[in-house]
Amino acid sequence: MTAHAKVIVIGGGPAGYTAALYAARAGLSPVCFEGFDTGGQISRSEKVDNYPGLHGIAGVDLGAKIREQAEAAGATLEFGDVFEVDFGAAPFRVVGLDGERTADAVIVATGAAARKLGLPSEAALEGRGVAYCAICDGPMFAGKDVVVVGGGDAAVGEALALRNIAGTVTLVHRRNEFRASGVMRAALAASDVTVITSAVVEEILGVETGNVTGVRIRMVDDDSRRDLDAEGVFVAIGHEPASQLFQQWLHCDEHGFIITEAGTTATNVPGVFAAGDVADSRYRQAITAAASGCQAAIDAERHLLGRQFLPPQALPATAG
């Protein structure tokens, strides 16, 4: 027989583990498919200084703490990714490494990953000077020279944010015009960020030392190359939400982020909710992911209560 759960959580980062924690505390006995990438994207952060109450914790330890708390509360953790889902009607079907389960409600918390340049040197120096989030990692580069790669609002925003922290900031963009909005371009022009356009980052320097020492860029117009000194490189060329498995069933925006009803975590399929970076193209922080995991668990609990006992307009408030 197919095993059944009241709630299934798909994803094992701060959003998924927090959703499992809250669902377990609500007596829903959730099953959390944490995926092969346990801990989520935060687990690749060497140090997290902006998660309230846990200053200076390693990202992998932060994920482990939330996971342990969810398991202690009664959540069942299943290692491995989900390979197939059927959200056509409740009970919903979810197929993972250990077989098939069904659930009355599902919380999708599969996260998003930063797009990468695809350079071997980038992979070798990730967490050793290569970063993807100025809000998360910027303070580690206080007073240091950094390079930001990209040309959209995210890249310009990263460069401007880093200007208040770093020694110098150089923004490198492969085209001669920025895709960023007019407001962002104006702010960039008014700043002292050094801008290099029509340039491609070919290599991140420092592999032999184990820490970033600079970048090698190639000028698109004449194929000339030059090296820039830097102790940090922030790649800001967008994020890819891990939503491909669900796009047959759930409405997503043009970039693949799952669309939720304003003010809730509810998707277009009643009983299916989305939390964390897979539905968040704006903030993408561990704390906001954890908060939305909490919200998704509460939304799932209320959905189940409403379906079983109460009309939706009469749902009770949930105590903190």
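A short tour of the structure in this document, coming up. None of the values given here were measured: they were computed from a predicted structure.

**Quick look at helix 1 (residues 14-25)**
An α-helical turn contains 3.6 residues, so a residue and the one three or four places further along point in the same direction.
Turning to step 1, where the next piece is worked out: When the terminal C-alpha atoms of helix 1 are compared, their 16 Å separation across 12 residues agrees well with the 16 Å that a helix rising 1.5 Å per residue should span.
Turning to step 2, where the next piece is worked out: The element helix 1 is largely enclosed, with a buried count of 10 among its 12 residues.
Turning to step 3, where the next piece is worked out: The complete set of buried residues in helix 1 reads Pro14, Ala15, Gly16, Tyr17, Thr18, Ala19, Ala20, Leu21, Ala23 and Ala24.
Turning to step 4, where the next piece is worked out: Gly27 lies just past helix 1 and shows a positive phi near 80 degrees.

**Thoughts on the state of the cysteines**
Turning to step 1, where the next piece is worked out: Under the defined criterion, the tally for this structure stands at one disulfide.
Turning to step 2, where the next piece is worked out: The disulfide that involves Cys133 links it to Cys136, with 2.4 Å between the sulfurs. Because the sign of the S-S torsion sets the handedness, a value of about 70 degrees for the bond joining Cys133 and Cys136 places this disulfide among the right-handed ones.
Turning to step 3, where the next piece is worked out: According to the relative accessible area criterion, Cys133 is buried, its value standing at 15%.
Turning to step 4, where the next piece is worked out: Taking relative accessible area as the criterion, Cys136 reaches 23% and is therefore assigned partly exposed.
Turning to step 5, where the next piece is worked out: Between Cys294, a cysteine without a disulfide, and Cys32, which holds the nearest cysteine sulfur, the sulfur-to-sulfur distance is 15 Å.

**So, the sheet that holds strand 9 (residues 145-149)**
Turning to step 1, where the next piece is worked out: Here five strands make up an open sheet; going across it, the order is 8-15-9-10-11 and the pairing parallel. In this open sheet, the two edge strands, each paired with only one partner strand, are strand 8 (130-131) and strand 11 (194-196).
Turning to step 2, where the next piece is worked out: Sheet topology note: the strand 9/strand 15 (residues 232-235) ladder contains four bridges and is parallel. Looking across to strand 15, one finds that Val149 is bridged to Val235.

**A look at the pattern of salt bridges**
Turning to step 1, where the next piece is worked out: In total, this model carries 13 salt bridges according to the counting rule given.
Turning to step 2, where the next piece is worked out: Across the pair Glu100 and Arg93 runs a salt bridge whose closest N-O atoms are separated by 3.1 Å.
Turning to step 3, where the next piece is worked out: The partly exposed category is assigned to Glu100, whose relative accessible area is 31%.
Turning to step 4, where the next piece is worked out: Taking the relative accessible area as the measure of exposure, Arg93 reaches 22% and is therefore partly exposed.
Turning to step 5, where the next piece is worked out: The partner of Arg218 in a salt bridge is Glu202, and the shortest N-O contact between them spans 3.0 Å. Of this pair, Arg218 sits in strand 13 (residues 214-219) while Glu202 sits in strand 12 (residues 199-205), and the two are 16 residues apart along the sequence.
Turning to step 6, where the next piece is worked out: According to the relative accessible area criterion, Glu202 is partly exposed, its value standing at 29%.
Turning to step 7, where the next piece is worked out: Among the charged side chains, a salt-bridge network with shared partners connects Glu202, Arg218, Asp223 and Arg225.

**Concerning the sheet that holds strand 14 (residues 225-229)**
Turning to step 1, where the next piece is worked out: Pairing is antiparallel in the open sheet, where three strands are placed in the order 12-13-14. Pairing within the sheet leaves two strands with one partner each, and these edge strands are strand 12 and strand 14. Here the average twist between neighbouring strands, direction ignored, is 30 degrees.
Turning to step 2, where the next piece is worked out: Bridge count between strand 13 and strand 14: five bridges; the pairing is antiparallel. Among the inter-strand pairings, Arg216 is bridged to a residue of strand 14, identified as Asp227.

Rules and cut-offs
Residues numbered from 1 in each chain as written. Predicted model: local features only at pLDDT ≥ 70, side-chain atom pairs only at ≥ 80, totals over all residues. Heavy atoms only, no water. Helix = DSSP H or I, 4+ residues; strand = E, 2+ residues; numbered from the N terminus. Expected span 1.5 Å × (residues − 1). Buried < 20%, exposed > 50% of the residue type's maximum accessible area, 1.4 Å probe, protein only. Disulfide = S-S within 2.5 Å. Pairing = 2+ DSSP bridges. Salt bridge = Lys/Arg side-chain N within 4 Å of Asp/Glu carboxyl O. Axes fitted to C-alpha atoms, helices over the stretch in contact; angles between N-to-C directions.

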